[in-house]
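Coordinates in review
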Amino acid sequence: MAPWRVARERPVPSAVELILSTVPEWFGQSDSNAEYIEAAKTLETWTARTADESVIGVTLVDHHFPESAEIHFTAVEKAHHGHGVGTSMMSAIETDLRQRGVQLLTVKTLGPSHSDPGYALTRRFYRKHGFIPLEETSIWGEGTPCLIMVKPLGVETPSVQE
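Residues numbered from 1 in each chain as written. Predicted model: local features only at pLDDT ≥ 70, side-chain atom pairs only at ≥ 80, totals over all residues. Heavy atoms only, no water.

What about the sheet that holds strand β6 (residues 132-137)?
The following threshold applies: Strands qualify as paired when DSSP identifies two bridges or more between them. Labels follow the DSSP assignment, with helices taken as runs of H or I lasting at least four residues and strands as runs of E lasting at least two, numbered in each case from the N terminus. Convention adopted: a line fitted to C-alpha atoms gives each axis, helices being fitted over their contacting stretch, and angles between N-to-C directions are expressed from 0 to 180 degrees. Pairs of residues are marked as contacts when any of their non-hydrogen atoms sit within 4.5 Å.
Taken together, the seven strands give an open sheet; going across it, the order is β1-β2-β3-β4-β5-β7-β6, and neighbouring strands pair in mixed fashion. Unpaired on one side and paired on the other, β1 (4-9) and β6 mark the two borders of the sheet. For this sheet the average axis-to-axis angle between neighbouring strands, irrespective of direction, equals 25°. Where strand β5 (residues 104-110) meets strand β7 (residues 146-152), seven bridges bridge the pair, whose relative direction is antiparallel. Its bridge partner lying in β7, V107 is registered against M149. Relative to strand β4 (residues 68-76), helix α2 (residues 30-39) is tilted by about 115°, and along the sheet it contacts β3 (55-65) and β4. Each of β4, β5, β6 and β7 is contacted by helix α4 (residues 117-128), which is oriented at about 170° to β5, the strand it contacts most.

A word on the packing of helix α1 (residues 13-22) against α2
Convention followed: Angle categories: roughly parallel below 35 degrees, roughly antiparallel above 145, roughly perpendicular from 65 to 115, and oblique for all the rest. Crossing handedness is defined as follows: a turn of the near helix away from the far one that is anticlockwise and smaller than a right angle gives a left-handed crossing, while the clockwise case is right-handed. In this count, Pro and Cys sit with the nonpolar residues alongside Ala, Val, Leu, Ile, Met, Phe, Trp and Tyr, while Asp, Glu, Lys and Arg are called charged and the others, Gly among them, polar.
Closest axis-to-axis distance for the α1/α2 pair is 8 Å, and the angle between their directions is 150°. Here α1 is positioned roughly antiparallel relative to α2, judged by the angle of their axes. As for the relative orientation of α1 and α2, their crossing is right-handed in sense. Two secondary-structure elements touch here, α1 through P13, V16, E17 and L20 and α2 through N33, Y36 and I37. When the residues that make up the contact of α1 with α2 are grouped by side-chain class, the tally is five nonpolar, one polar and one charged.

Observations concerning the pattern of salt bridges
Threshold: Salt bridges are identified by distance alone: a Lys or Arg side-chain nitrogen within 4 Å of an Asp or Glu carboxyl oxygen. Three labels apply to residues, based on accessible area from a 1.4 Å probe with only protein chains included: buried if under 20% of the type maximum, exposed if over 50%, partly exposed otherwise in between.
For the structure on display, the rule yields 12 salt bridges. Among the ionic pairs, D96 bridges to R8, the shortest N-O distance being 3.8 Å. Highlighted residues: D96 in helix α3 (residues 85-99) and R8 in strand β1, separated in sequence by 88 residues. Overall, the relative accessible area of 13% leaves D96 in the buried class. We note a salt bridge from R10 to E9, for which the minimum N-O separation is 2.5 Å. For R10, a relative accessible area of 52% corresponds to the exposed category.

A few points about the nonpolar core
Proteins that are soluble and globular tend to have nonpolar side chains buried together. Selection criterion: Throughout this description, the term nonpolar core refers to a set of buried Ala, Val, Leu, Ile, Met, Phe, Trp, Tyr and Cys residues connected via side-chain atoms within 4.5 Å.
In terms of nonpolar packing, the biggest core is built from 21 residues, with I71, I93, L97, L105, Y126 and F131 touching the most fellow members. When residues of this core are traced back to their parent elements, those giving at least two are β2 (44-50), β3, β4, α3, β5 and β7. Here this core takes five residues from α3, the largest share from any one element. In contact with L105, other than residues within four places in its own chain, are A69, E70, I71, E94, L97, F131, M149, V150, K151 and L153. Judged by nonpolar contacts, the second largest core, of 20 residues, contains V16, L20, A75 and Y119.

What about the side chain of T106?
Turning to its location among the elements, T106 is positioned in strand β5. Relative accessible area serves as the criterion here: at 17%, T106 is assigned to the buried category. Leaving out residues up to four positions away in the same chain, T106 has contacts with A69, E70, I71, F131, M149 and V150.

Focus: the side chain of T50
Within the secondary structure layout, T50 lies in strand β2. T50 gets classed as buried once you look at its relative accessible area, which sits at 17%. Each residue touching T50, except ones within four places of it in the same chain, is listed here: P3, W4 and I56.

Some thoughts on the pairing of β5
Stated formally: By convention a crossover is right-handed if, when the strands point away from the viewer, the path from the first strand over the helix to the second runs clockwise.
With five of seven residues buried, β5 is to be regarded as a mostly interior element. Relative to β5, β4 is paired through four bridges, and the arrangement is parallel. Among the inter-strand pairings, E70 is bridged to a residue of β5, identified as T106. For the crossover from β4 across α3 to β5, the handedness is right-handed.

Right under this line is the structure:
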């Protein structure tokens, strides 16, 4: 059994701020970090907590439509990288989303046309968890390519009339 538990819970913007400070190589832009901390006040929040209730990982999920959701933010304290915390969060989130009828999960990350080695690891993490690249765009501005990745969640698709 893992030495942490993953659960959907109340917003924890202070934990997001703390975790951001441990991974500046991924989250080193103060304006973006302020946006993540603000989003942490309202978006669906998942945490990984140790036995002493310390938050070591946070994922924020945004629901754009009943059939789709987006991983808006996910980060694990640097000291816990490579131990399965992120994998545990992804697994719990995907199970819960499937139960709620969500069919497609998306995430945006720095695209491969940017040479950042940290984000190469991020893309590899998402690929390992079944996300596939859909499109690289310039929605984040010049020099910051945004890669949109998608993962079908294997939920039966109901017929929808528009």
